[in-house]
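# An overview of the molecular structure
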Amino acid sequence: MALYEGEFKDITIFQKLNAELDAAIQDLTCDFNTFDRYAFIKKHTHKQLMFWNLVVKDWNVSFPFELAIKNNATSLFSSNTFNLKYFSDRNSGEITPEKITLGEKLFYDTNLSSDKTISCATCHLPQKAFTDGLKIGKGVTRNTPTLLYSSLQKAFFYDKRAGSLEEQIIAVVKNENEFHTDLETLKKVVEEDSSYIKTFSKVFNKTKINNADIRNAIASYIRDLNPFDSKFDRNINGIENTITQSEINGFNLFNGKAKCATCHFAPLFNGTIPPNYKESEIELIGVPQENDTINTKISPDLGRYYVYNTPERKHFFKTSTVRNVSKTSPYMHNGVYNTLEEVLDFYNRGGGSGIGIEQEYQTLPSNKLNLNQQEINDIIAFMESLEDPNENYDNNVEK
């Protein structure tokens, strides 16, 4: 910082920022497990983002581009933290309110499926955080993941076989157990609805509807499902002061002793790897076929292996978000666990290895976490604090 002291027009910004960095360094003098990450983020990280923006203004900096985190972010836990275009298909265009509204209408439209009975919302229910509450989704082979925050990742489906939301929608359209149609037929169905013709013309400034725009509109609606309005978000951003000590302890354990954040990275708590967010991780944790710790067998689903037939990727699955996990049971790609207590017990034992499933390439450390019951309760309390209120996205719950 001293090298750039002369760049500051307002020298008090330089002085206060230096004092803040010194204070942050002082607060880092503790061990890994006892470090209060929650307090550090509130007290220092967000304050440093404020100073970052002050320096940008003081130096009259202009940025030629924006990466995953917005250049003017003031919080790590905000709907204004991430640049959605960075996570979107390069041809997706601007995400406008009009496009989101159109995508929402398409999302709930059962006419898009071949038998006129299935829409996107059939399996992604807003009141269940856009999951379906089933062990295995109807007509598919895996548990239905949440769509909340799904746009803030670099791969889709549990096996990462799709690289964008638009590509993921193609698979749903063509799946004989879902929409069971094709892109050309999808386009014709939309073209037959006069209300769509007028709206598409306005939103995309084109005289003709094409299937790429249909998929882009639906994807734009999904990209808008990042509320960052949970109890945890509101508290760490200083909007309210309602968080409990148990929830704070759980956050610190999640990122510390319990090692959950080794794969579920804050602030998204999914597998999209910071700080560049260029890749979404896949892991082999040894998920069992049944909820059984005695006669255990690994789930027969080979996950990522099916994409390229790479033996070293058998049983690898993408790391999902734990945001809104209080609404998205059952858990794991095969819905084997019904409660968060069961999930924590699995990890506490050392994952698959800890219950007798030996896999050469298991990425989860096989040693026990040695979490006591209070620590488990705290971690669950923290995860439950990541629940967003329904009013952020439930305009169509009754449809």
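Please read these numbers as outputs of a predicted model, since none were measured by experiment.

## Some words on helix H9 (residues 211-223)
With 13 residues, H9 extends 18 Å from end C-alpha to end C-alpha; this agrees with the ideal 18 Å at 1.5 Å per step. Taken across its 13 residues, H9 has 12 buried, putting it largely inside the fold. Those residues of H9 lying buried are Asn211, Asp213, Ile214, Arg215, Asn216, Ala217, Ile218, Ala219, Ser220, Tyr221, Ile222 and Arg223. Looking at where H9 begins, the residue whose side-chain oxygen comes 3.0 Å from the main-chain nitrogen of alanine 212 is asparagine 210.

## Observations concerning the pattern of salt bridges
What the rule picks out here adds up to 16 salt bridges. When the shortest N-O distance is used, the salt bridge between aspartate 229 and arginine 234 registers 3.8 Å. Arginine 234 sits in the buried class, given a relative accessible area of 19%. Salt bridges sharing partners connect three or more residues here, namely Arg142, Asp159, Arg161 and Asp301.

## Here we look at the packing of helix H7 (residues 183-191) against H9
The interhelical angle for the contact between H7 and H9, taken along N-to-C directions, is 80 degrees, at an axis separation of 9 Å. Judged on the interaxial angle alone, H9 and H7 are roughly perpendicular. For the pair formed by H7 and H9, the contact residues are Leu183, Leu186, Lys187 and Val190 on the first element and Asn211, Ile214 and Arg215 on the second.

Conventions used here
- Residues numbered from 1 in each chain as written.
- Predicted model: local features only at pLDDT ≥ 70, side-chain atom pairs only at ≥ 80, totals over all residues.
- Heavy atoms only, no water.
- Helix = DSSP H or I, 4+ residues; strand = E, 2+ residues; numbered from the N terminus.
- Expected span 1.5 Å × (residues − 1).
- Buried < 20%, exposed > 50% of the residue type's maximum accessible area, 1.4 Å probe, protein only.
- Polar contact = N/O pair within 3.5 Å; in protein donor to acceptor, adjacent residues only side chain to side chain.
- Salt bridge = Lys/Arg side-chain N within 4 Å of Asp/Glu carboxyl O.
- Axes fitted to C-alpha atoms, helices over the stretch in contact; angles between N-to-C directions.
- Parallel < 35°, antiparallel > 145°, perpendicular 65-115°, else oblique.
- Contact = heavy atoms within 4.5 Å.

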